[in-house]
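In case you want the letters, here they are:
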Amino acid sequence: EPEVTQTPSHQVTQMGQEVILRCVPISNHLYFYWYRQILGQKVEFLVSFYNNEISEKSEIFDDQFSVERPDGSNFTLKIRSTKLEDSAMYFCAILVVVQGESATNEKLFFGSGTQLSVL
Amino acid sequence: RKEVEQDPGPFNVPEGATVAFNCTYSNSASQSFFWYRQDCRKEPKLLMSVYSSGNEDGRFTAQLNRASQYISLLIRDSKLSDSATYLCVVNILLYGQNFVFGPGTRLSVLP
């Protein structure tokens, strides 16, 4: 299972502040994702990032959010002007493609998450 | 209609019991299917992929019925350590890769 490191593990911020969440996959990958999970709710897709461009984004991923891969290694999620409702666990994920004999399998592996608390 | 739906749960079962979880998906363009396990306040971890022919991994068996758009997970001889939330995940290849999560079904295995 590939390793995906997220920092920080916890982030506390004041409403209106900007936060940057970081994700570092150990090996080279092309497909990255950000998901979030509000406490007690389901895992929600935010954005996918392929070959240094946004591939797809959800309704949640509005102008408040942005993603970057600034140095070819780190993958960041920036949340501008945070709101109380942004409090959630944010997960980075990478896509691993496994070529089998008869089919190609794509699997998603997650980092351990950043718990964001907006006060 | 929600894209991925699961049994609402929670399921409370004694050790050694067999338990089955059901999942339905609405988008016929869905291409691949998975079961993930999530412990409290942790990241989802891949339990197994689900194939049309059905697949088994130890005590876990997954089935897929494309015609009915239905996925199942069977856990035999359940252990205390199986207590977790089980997430049904569907990959919809409409515009690139998009993995959609169900709400999860909570399982508690009791001693």
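Note that the structure is predicted; figures quoted are calculated from it, not measured.

Cut-off values and rules
- Residues numbered from 1 in each chain as written.
- Chains lettered and ligands numbered in written order.
- Predicted model: local features only at pLDDT ≥ 70, side-chain atom pairs only at ≥ 80, totals over all residues.
- Heavy atoms only, no water.
- Disulfide = S-S within 2.5 Å.
- Helix = DSSP H or I, 4+ residues; strand = E, 2+ residues; numbered from the N terminus.
- Buried < 20%, exposed > 50% of the residue type's maximum accessible area, 1.4 Å probe, protein only.
- Contact = heavy atoms within 4.5 Å.
- Buried area = accessible area lost by both parts, 1.4 Å probe.
- Salt bridge = Lys/Arg side-chain N within 4 Å of Asp/Glu carboxyl O.
- Polar contact = N/O pair within 3.5 Å; in protein donor to acceptor, adjacent residues only side chain to side chain.
- Nonpolar A, V, L, I, M, F, W, Y, C, P; charged D, E, K, R; others polar.
- 1 Å grid on protein atoms, 1.4 Å probe; cavity = no way out; pocket = protein on both sides within 12 Å on 5 of 7 lines; lining within 4 Å.
- Points joined across faces, edges and corners; volume = space filled by probe spheres on them.
- Pairing = 2+ DSSP bridges.
- Axes fitted to C-alpha atoms, helices over the stretch in contact; angles between N-to-C directions.

Chemist: For the state of the cysteines, give the residues involved together with the corresponding values.
Modeler: Overall, the coordinates contain 2 disulfides over all chains when judged by the stated rule. The disulfide that involves A:C23 links it to A:C92, with 1.9 Å between the sulfurs. Every disulfide takes its handedness from the sign of the S-S torsion; for A:C23 and A:C92 that torsion is -60°, giving left-handed. Of this pair, A:C23 sits in strand 3 (residues 19-25) while A:C92 is found in strand 9 (residues 88-99), placing the two residues 69 residues apart along the sequence. Like A:C92, A:C23 is buried. Disulfide pairing is shown between B:C23 and B:C88; the S-S distance is 2.0 Å. Linking B:C23 and B:C88, the disulfide has an S-S dihedral of approximately -75° and is accordingly described as left-handed. Of the two residues, B:C23 is situated in strand 3 (residues 19-25) and B:C88 in strand 9 (residues 84-92); the sequence distance between them amounts to 65 residues. Residues B:C23 and B:C88 agree in their burial class; the two are buried.

Chemist: Give a detailed account of the interface of chain A and chain B, specifying residues and quantitative values.
Modeler: Chain A puts 23 residues into the contact, and the matching count from chain B is 21 residues. Regarding the contact of chain A and chain B, the summed buried area is about 1900 Å², with carbon and sulfur atoms giving 53% of it. Across the contact surface, chain A and chain B share 0 salt bridges. The interface formed by chain A and chain B holds 4 residue pairs in polar contact (both at pLDDT 80 or more) in total. Residue assignment for the side of chain A that touches chain B shows that the elements contributing at least two residues are strand 4 (31-37), strand 5 (44-50), strand 6 (53-57), strand 9 and strand 10 (104-110) of chain A. Sort the elements by how many residues they give to the side of chain A that touches chain B and strand 10 of chain A lands first, with 6 residues. Of the residues contributing to the side of chain A that touches chain B, the split by class is 12 nonpolar, 7 polar and 4 charged.

Chemist: I'd love a proper account of the layout of surface pockets, names of residues and values included.
Modeler: The computed volume of the largest pocket comes to approximately 470 Å³. Residue lining of the largest pocket: 24 residues in total, with A:Q37, A:G40, A:Q41, B:Q38 and B:T85 positioned closest to the centre. Taken together, the residues of the lining of the largest pocket break down into 9 nonpolar, 9 polar and 6 charged. What the second largest pocket holds in volume is close to 380 Å³.

Chemist: Could you give me a rundown of the pattern of salt bridges, with the residues and numbers involved?
Modeler: Residues and elements named next belong to chain B. Under the definition given, this model contains 5 salt bridges over all chains. R59 is the partner of D82 in a salt bridge, and the nearest nitrogen-oxygen pair spans 2.8 Å. Here R59 lies in the loop between strand 6 (55-57) and strand 7 (60-65) and D82 lies in the loop between strand 8 (70-75) and strand 9, a separation of 23 residues in the sequence. On the accessibility criterion, D82 (3% relative accessible area) is buried. Given a relative accessible area of 21%, R59 falls into the partly exposed group. Between K79 and D77 there is a salt bridge, and its shortest N-O distance comes to 3.0 Å.

Chemist: If you had to explain the side chain of A:R69 to someone new, which residues and values would you point to?
Modeler: Residue and element names in this part refer to chain A. Inspection of the secondary structure puts R69 in the loop between strand 7 (65-68) and strand 8 (75-79). Classification of R69 by relative accessible area gives buried; the value is 17%. Sequence-distant contacts of R69, defined by excluding residues within four places in its chain, comprise H29, F32, F49, N52 and N74.

Chemist: Break down the sheet that holds strand 3 of chain B for me, citing the residues and quoting the values.
Modeler: Sheet strands pair by backbone hydrogen bonding; their relative direction is either parallel or antiparallel. All names here are of chain B. Across the sheet, 5 strands lie side by side as 1-3-8-7-6; this open sheet has antiparallel pairing. Each having just a single partner strand, strand 1 (4-6) and strand 6 make up the two edges of the open sheet. Across the sheet, the mean angle from the axis of one strand to that of its neighbour is 15°, orientation sign disregarded. Pairing of strand 7 with strand 8, which is carried by 6 bridges, proceeds in the antiparallel orientation. From the neighbouring strand, N65 faces strand 8, where its bridge partner is Y70.

Chemist: Describe in detail the sheet that holds strand 1 (residues 4-7) of chain A, supporting the description with residues and values.
Modeler: Residues and elements named next belong to chain A. With antiparallel pairing, the 4 strands of this open sheet are ordered in space as 1-3-8-7. Looking at which strands have only one partner, the edges of the open sheet turn out to be strand 1 and strand 7. Averaged over all pairs of adjacent strands, the angle between strand axes in this sheet comes to 15°, irrespective of strand direction.

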